[in-house]
Structures are given as structure tokens and as C-alpha cells.
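Report on the structure
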Amino acid sequence: MNDHLVRLAHSHLYPGLTFEAPPEAADFLLLFTDDSESRSRLLRDTAGRPVLRVGARVNPRGAVVDEQVWEVRELVRDRGLLVVRLGNPIPATPTR
């Protein structure tokens, strides 16, 4: 079960978006303003840089938003929280 909920002030992710997450949680639930939600994880890529993997979700209109991976431009601890600033989305690797 996921005890960590992060409420976003937007219905979608975009470069430059900043949000606060629990510092001890690499795994949390993102709640968007359209009431859709997605399981998310802070990870490291093969070069050791932080990335955010956001699971697929279905928005209220029934549209599927596929899983996405985002660069993390900034990751700062502030007032007991972890401030995450997104960079650009990382394109999905084509599958065969």
C-alpha cells in the first residue's frame, strides 16, 4: 500500500513543474487536479541522474495517459520535504 500522496496543482506534467514530495519516499502517488492518479517513483538512470517514472493513468474523459519517464532538473531538501523540479520527458524506447 502507498501511504504517500502528492497533490499536484495541474492536470498534467510539464517541464519546469515543481512539487513537494516526502523525502523518505521513492514511491508515491501523484494526484492530478482532474482527479486522476498515478503511481510514481524517483529512480536513477544508468548515469546516476535522477528521473521520475510516472505510471499510466486514465483521465476522467477516459483517455489513457501512457507511462512516462521525466528528467529531474532539480532535487532539493527543504523544510523536511523533497522539492522536485521536472526537466524534459524522456522519449519511450520503441519496442519490437
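Our next topic: the pairing of strand β4 (residues 37-44). In this structure, strand β3 (residues 27-31) lies alongside β4, joined through 5 bridges in antiparallel fashion. Across the sheet, residue Phe-28 finds its bridge partner in β4, namely Ser-40. Between β3 and the antiparallel strand that follows it, β4, lie 5 residues; Asp-35 among them carries a positive phi value of about 70°. Alignment of β4 against strand β5 (residues 50-54), held across 5 bridges, turns out to be antiparallel. Note on β5: the bridge partner recorded for Arg-44 is Pro-50. Counting the residues in the hairpin turn of β4 and β5 gives 5 residues, including Gly-48, whose phi is positive at 90°.

The rules we used
- Residues numbered from 1 in each chain as written.
- Predicted model: local features only at pLDDT ≥ 70, side-chain atom pairs only at ≥ 80, totals over all residues.
- Heavy atoms only, no water.
- Pairing = 2+ DSSP bridges.
- Helix = DSSP H or I, 4+ residues; strand = E, 2+ residues; numbered from the N terminus.

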